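# Fold and contact review
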Amino acid sequence: MSTERTTEAAHDEIRAALDRAADEVAGQVVAWRQHLHRHPELSNREEGTAALVAAHLRALGLDEVRTGIAGHGVVGVLRGGRPGPRTVALRADMDALPVPDRCGAPFASTRVDADYPGGPFPVSHACGHDCHTAMLMGAASVLAGVRERLPGTVLFVFQPAEEGPPVTEEGGARAMLAEGALDDPVPSMVFGLHVTPYPKGWVGYKVGNQYAASTLVRIVVTGHQVHGSTPWQGIDPMPAAGGILTGIGQIYRQVSAFDPVTVTIGHVEDVGRFNVIGQTVTLWGTVRCAVESDMAEVQRRLAVLAEHTAAAYGATAAVDFLQPVPPVRNTAAWVAAGLPTLRRVVGEERVVETVGTLGYDDVSEFVNRFGGLYVTLGVQDLALDEAGRPVPVPGGRGLVTNHNPGFYADDDTLVTGVRLHAHVALAHLAGELTVDPAEVA
């Protein structure tokens with residue numbers, strides 16, 4: 001038997017071992033997910049989640065478990081028993097959202113965070129980060145079980161504050177990098193996935209920008225406070241804020257229609273009262289650009305709109321852009337390298353190219369720096385229609401988007417995420433899923 005055939009047989013054997021171990025840990029992954037869903041924590045407050053993760057990684061006997069990174073970040077280091085030049089980083093985000101939980105599950109969250117800045121807030125895992133954390137914990141179990149056969153190192157990266165920390169705090173992927181989370185060893189690949197409204201067990205990928213460039217925007221409109229009965233004696237910032245909100249709807253017409261952008265104001269903060277014209281109105285929102293180079297122009301136009309509109313009402317407007325996040329970019333080379341592994345795990349017909357979205361994910365800070373892949377995993381009662389669009393299946397729970405209070409994920413699909421993490425890690429360490437740096441330069 002040739003060396004090549006012998007090597008392939010050995011790889012088949014370890015792949016089968018990964019699948020068996022994933023099946024064995026599947027029940028525990030579901031239990032972790034349901035526990036995390038019942039006990040969600042907002043960005044930069046993931047104390048209990050991080051403690052659960054760290055305790056599990058320590059119980060696996062990893063070589064290192066680093067905690068307290070950029071707040072509550074955790075990195076586990078698993079050094080394989082065979083020599084190898086590569087290091088793969090597997091990433092999961094841990095934070096929840098200030099959204100009520102109406103998913104209808106018996107483990108739905110009833111938590112309210114009364115101390116969070118701007119709160120009190122209901123808290124729920126309406127974006128599926130509970131799934132991500134549980135799946136990566138399961139993958140850690142699976143890979144630790146075959147550590148003596150791994151030719152290289154695996155980093156298990158549990159990231160806080162993906163949804164964005166409070167504006168007065170640092171956090172997220174950029175903060176983890178600034179604190180040296182991935183300095184030793186440096187990854188040669190980063191992999192992650194996000195659960196999404198798509199048929200259960202299907203994997204979506206996008207060559208190019210999978211997710212958009214993003215920034216948080218704060219617009220403070222300032223007038224002159226006065227009694228509500230005498231508006232002529234002051235300057236009411238509320239009409240100016242309304243004019244800005246109306247004008248925002250026209251910004252999309254001022255940039256190329258071929259590259260989507262959006263400006264969304266999600267929160268309006270007033271310091272007035274029913275009979276008091278307040279001094280300020282603050283608009284909080286987000287700017288998203290499918291093409292990162294459009295961001296500067298959209299920001300410029302938004303600032304001009306806000307300042308000039310406020311001036312027309314005798315008020316002023318101060319515009320700040322905070323927490324910038326670059327787009328998640330999957331290069332053609334990394335996608336081509338990863339497709340055989342993705343197809344091996346879920347089946348060729350269940351791996352499909354999808355369109356990019358204006359969502360964001362600061363995993364881009366990792367993937368764009370070190371190279372790698374970020375994909376989506378379908379977790380809902382859906383099928384694809386003739387045009388390839390997800391549609392509800394009869395008798396199912398329907399299509400519910402991330403960040404909706406009713407967002408749900410099927411627990412039976414979590415084992416697929418465990419397998420994806422484990423197989424991608426093995427494929428990279430074994431040299432099957434690699435890219436020549438010259439191909440992505």
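Anyway, here's the lowdown on the structure attached to this text. (Residues numbered from 1 in each chain as written. Predicted model: local features only at pLDDT ≥ 70, side-chain atom pairs only at ≥ 80, totals over all residues. Heavy atoms only, no water.)

## Looking at the overall build of the chain
Using the following cut-off: Helix and strand assignments come from DSSP, with helices taken as H or I runs of at least 4 residues and strands as E runs of at least 2, each series counted from the N terminus. It is over C-alpha atoms that the radius of gyration is taken, and the globule rule equals 2.2 Å times the number of residues to the power 0.38. Contacts between residues were defined by any pair of non-hydrogen atoms, one from each residue, lying within 4.5 Å. Per-residue accessibility takes into account occlusion by the displayed protein chains alone, with areas from the Shrake-Rupley method and a 1.4 Å probe.
Summing up its helical and strand segments, the chain has nine helices and 20 strands in all. By the compact-globule yardstick of 22 Å for 441 residues, the chain fits well, its C-alpha radius of gyration being 24 Å. Taking all contacts inside the chain whose residues are at least 6 apart in sequence as the whole, residues at least 24 apart take part in 81%. Counting every atom, the chain has about 18600 Å² of accessible surface; 52% of that belongs to carbon and sulfur.

## Some remarks on the environment of Arg369
Selection criterion: For the exposure calls, accessible area comes from a 1.4 Å probe over protein chains only, and a residue counts as buried if that area is under 20% of its type's maximum, exposed if over 50%, partly exposed in between.
The topology assignment puts Arg369 in helix 8 (residues 364–370). A relative accessible area of 55% places Arg369 in the exposed class. Taking the C-alpha atoms as reference points, Arg369 and Ser188, 181 residues apart in sequence, are found 9.8 Å from one another. Residues within four places of Arg369 in sequence aside, it is in contact with Leu177 and Ser364.

## Considering the pairing of strand 6 (residues 151–159)
The condition that has to hold: Should DSSP find at least two bridges between two strands, the strands are taken to pair.
With nine of nine residues buried, strand 6 lies mostly within the body of the structure. As paired elements, strand 3 (residues 82–93) and strand 6 share nine bridges and run parallel to each other. Paired with Thr87 across the bridge in strand 6 is Thr153.

## Concerning the state of the cysteines
Definition in use: Sulfur atoms of two cysteines make up a disulfide when they are within 2.5 Å.
This structure, assessed with the given rule, holds zero disulfides. Unpaired in terms of disulfides, Cys127 finds its nearest cysteine sulfur in Cys131, a separation of 10.0 Å. Taking the relative accessible area as the measure of exposure, Cys127 reaches 8% and is therefore buried. Lacking any disulfide linkage, Cys289 is separated from the closest cysteine sulfur, that of Cys127, by 20 Å. Here Cys289 falls in the buried class, since its relative accessible area comes to 0%.

## Describing the sheet that holds strand 15 (residues 316–325)
Selection criterion: In this description, a line fitted to the C-alpha atoms serves as the axis of each element, helices being fitted only across the stretch in contact, and the angle between N-to-C directions of two axes falls anywhere from 0 to 180 degrees.
Pairing is antiparallel in the open sheet, where four strands are placed in the order 12-14-10-15. For this open sheet the edge positions go to strand 12 (261–270) and strand 15, each flanked by a neighbour on one side alone. Looking at each pair of strands side by side, their axes are set apart by 20° on average, direction ignored. With nine bridges connecting them, strand 12 and strand 14 (residues 280–289) associate as antiparallel partners. Counterpart to Ile265 in the pairing with strand 14 is Gly285. Relative to strand 14, helix 5 (residues 237–248) is tilted by about 10°, and along the sheet it contacts strand 10 (213–222), strand 12 and strand 14.

## Re the nonpolar core
Rule in force here: Put simply, buried Ala, Val, Leu, Ile, Met, Phe, Trp, Tyr and Cys residues joined by side-chain atoms within 4.5 Å make one nonpolar core.
By size, the foremost hydrophobic cluster in this structure holds 71 residues, and its most contacted members are Leu90, Leu143, Val154, Phe156, Phe158, Phe191 and Leu420. With sequence-adjacent residues up to four places away left out, Phe191 is seen in contact with Ala89, Leu90, Arg91, Leu373, Val375, Leu420, His421 and Val424. If you look at the next biggest cluster of nonpolar residues, it comprises 26 residues, including Ile219, Met295, Leu302 and Ala306.

## Regarding the packing of aromatic side chains
In this description, a pair of aromatic rings is defined by centroid distance and the angle of the planes. Threshold: Only Phe, Tyr and Trp rings are paired, with Trp represented by its six-membered ring, and only when their centres lie within 6.5 Å; those with planes under 30 degrees apart are stacked, over 60 edge-to-face, the remainder tilted.
Counted by the stated rule, this structure contains two aromatic pairs. Measuring from ring centre to ring centre gives 6.3 Å for Tyr116 and Phe121, while their planes differ by 70°; the resulting arrangement is edge-to-face. Using a relative accessible area of 11% as the deciding quantity, one classes Tyr116 as buried.

## Quick word on the pairing of strand 10
Here strand 10 lies mainly inside the structure; seven of its 10 residues are buried. In this sheet, strand 14 lies alongside strand 10 in antiparallel orientation, the contact comprising 10 bridges. When the sheet's bridge partners are listed, Val217 is paired in strand 14 with Gly285. Alignment of strand 10 against strand 15, held across eight bridges, turns out to be antiparallel. Paired with Arg218 across the bridge in strand 15 is Asp320.

## Section: the side chain of His421
As for its position among the elements, His421 is in helix 9 (residues 414–429). With sequence-adjacent residues up to four places away left out, His421 is seen in contact with Leu90, Arg91, Met135, Leu136, Ala139, Phe191, Gly192 and Leu193.

## Quick word on the packing of helix 5 against helix 6 (residues 295–312)
Keep this limit in mind: Note: crossing handedness is left-handed where the near helix turns anticlockwise from the far helix by less than a right angle, and right-handed where it turns clockwise. Three classes are used: nonpolar for Ala, Val, Leu, Ile, Met, Phe, Trp, Tyr, Cys and Pro, charged for Asp, Glu, Lys and Arg, and polar for all others, with Gly counted as polar.
Interhelical geometry of helix 5 versus helix 6 gives an angle of 145° and a closest axis separation of 9 Å. At the point where helix 5 passes helix 6, the crossing takes the right-handed sense. On helix 6, the residues touching Ala240, Gly243, Ile244, Gly247 and Ile248 of helix 5 are Leu302, Leu305, Ala306, Thr309 and Ala310. Within the contact of helix 5 with helix 6, the residues separate by chemical class into seven nonpolar, three polar and no charged.

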